[in-house]
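Descriptive structure summary
Chain residues, written in single-letter form:
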Amino acid sequence: VRATSEGEPLRAYAPSMGQIFLRRFQLVTQFRSALESGQVSVHYQPKVALPSRQVIGAEALVRWKHPEFGRVDPDEFVPAVEATGLVDVLTDFVMDKALERVSRWIDRGLRMSIAVNLSVRTLADEEFPNRVAAALTKHQVPPELLTFELTESGVMADPERALPVLRRLHTMGVVLAVDDFGTGYSSLAYLRQLPVDEVKIDKSFVLGMGTDLGDMAVVRSIVELGHSLSLTVVAEGVEDDAARDQLVSMGCDVAQGYLISRPLSEERFEAWLRARTVQVRGARDETVLTL
Ligand code: C2E
Ligand code: MG
Ligand code: MG
Ligand code: MG
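These remarks concern the structure in this document. Along each chain, residues carry numbers from 1 onward, in the same order as the chain's sequence is written. Chain letters start at A and ligand numbers start at 1, both assigned in the order the entries are written. Given that the model is predicted, a residue must reach a pLDDT of at least 70 before its local features are reported, and side-chain atom pairs must reach 80 or more before they are shown or counted; all residues, however, enter totals for whole chains, interfaces and linings. Excluding hydrogens and water, the side-chain values take into account all heavy atoms of the structure.

**Things to note about helix H1 (residues 17-36)**
Here H1 contains 20 residues, and its C-alpha end-to-end distance of 29 Å stays within 8% of the 28 Å for a straight helix at 1.5 Å per residue. Axes are fitted to the seven residues ending at a residue and to the seven starting at it; the angle between these axes is taken as the bend at that residue. Helix numbers and strand numbers start at the N terminus; a helix is a DSSP run of H or I with at least 4 residues, a strand a run of E with at least 2. Gln-30 marks the point of greatest bend in H1, at about 50 degrees. Note on exposure labels: buried denotes an accessible area under 20% of the residue type's maximum, exposed denotes more than 50%, and partly exposed covers the range between, all computed with a 1.4 Å probe on protein chains only. Of the positions making up H1, those classed as buried are Leu-27, Val-28, Phe-31, Ala-34 and Leu-35. Elements in contact with the buried residues of H1: strand E1 (40-49), strand E2 (55-66), strand E3 (70-72), helix H2 (74-82) and helix H3 (87-107). With its phi angle positive at about 80 degrees, Gly-38 sits one or two positions after the end of H1. Expected span, for any helix, means 1.5 Å times one less than how many residues it has. Residue contacts are defined here by distance: any two heavy atoms, one from each residue, within 4.5 Å place the two residues in contact.

Following this line, the structure appears as structure tokens:
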């Protein structure tokens, strides 16, 4: 337990179990009205190709600005919402916003993909692929510009139910990525059984790479494993030039992290993008983005 400047142990301010339970209860019961009243929004974090640094897309990350609690982390409210039937409402909300972004980019001649995180519950919903197809049609977005990120634990929670859903999404042409790879039950055998196209190295390994040889070895072996399975390898949590350079030397395909940008609101992301847009001479619709 660390001490504050006054010498009080920090634990004195920790909420009680009752307070945690109450807050969780409030988050769950208020979620739907929060969506409707505009407290919930989607932020975007760019993904860039290595070594070119071309912006190839973004990950959609949900945000909740609660009137009483302030900024509530998705790591807190997503699991709470997940435990109820409301997670479909969340997924559909984020997917709709995200695909609307992609369709705007297409209008401007930009071909960039968007990644949406899926929760365990959604993977068990056999109606979900139909809703995805409807959303793609609504926004006139080709399926290959939509990526779903799923965690290993999400798939492993109920593989018999998740696999048919994943196969249908994959057959539709949607890109599938395993998120936070390396933290769960990851194994070569397991990865091979999934219809996935992309693997995202968990940020804990990427963050530790500069100081921990073990983390470095994990990152290197995931890049090699991914490539041997013909997967695109993405590193999340890229915070400095040293990490980026190391990933380039390992042959990692895509980088995401604070070095490139923090997740940004829709408006700020568009401004960020505009500042990096280059119109290639002679090409009518083609636009190249660089850092
Ligand atoms: P994730 O999908 O692994 O997302 C990456 C998290 O790492 C994000 O946290 C992002 O802000 C953070 N991050 C990005 N770059 C860096 C970096 O360079 N350094 C560090 N230290 N962190 C970085 P965030 O936005 O708080 O999201 C946390 C998790 O919540 C996500 O992890 C994802 O699992 C979940 N989540 C977010 N949005 C959604 C959603 O719409 N639906 C579902 N089901 N889950 C979501
Ligand atoms: Mg993710
Ligand atoms: Mg992740
Ligand atoms: Mg995560």
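**Here we look at the coordination of the magnesium ion (ligand 3)**
Here the magnesium ion (ligand 3) is held by the protein donor atoms Asp-179 (OD), Asp-180 (OD), Glu-236 (OE) and Glu-236 (OE), which lie 2.0 to 2.4 Å from it. Here the donor residues of the magnesium ion (ligand 3) share one chain and are spaced in sequence as D-D-x55-E. The rule for donors is simple: N, O or S, within 2.8 Å of the metal, or within 3.2 Å if the metal is Na, K or Ca. Water isn't counted, so a site may look like it is missing partners. In this model, the magnesium ion (ligand 3) sits 4.3 Å from the magnesium ion (ligand 2), the two metals being bridged by Asp-179. Judged by relative accessible area, Asp-180 falls into the partly exposed class, the value being 23%.

**Observations concerning helix H5 (residues 128-139)**
Its 12 residues place the ends of H5 17 Å apart at the C-alpha level, agreeing with the 16 Å of an ideal helix rising 1.5 Å per residue. Here the buried face of H5 lies against H3, helix H4 (120-123), strand E5 (146-151) and helix H7 (159-172). Note on H5: the residue one or two positions beyond its end, Gln-140, has a positive phi of about 55 degrees.

**Topic: the pattern of salt bridges**
Between Lys or Arg on one side and Asp or Glu on the other, a salt bridge is scored when a side-chain nitrogen of the former is within 4 Å of a carboxyl oxygen of the latter. This model, assessed by the stated rule, comprises 16 salt bridges. One salt bridge in this structure joins Glu-100 and Arg-104, with 3.4 Å as the shortest N-O distance. One end of the pair, Glu-100, and the other, Arg-104, are both in helix H3, 4 residues apart, so they sit about a helical turn from each other. What you see here is one network of salt bridges that share partners, running through Lys-47, Glu-59, Glu-149, Glu-198 and Lys-200.

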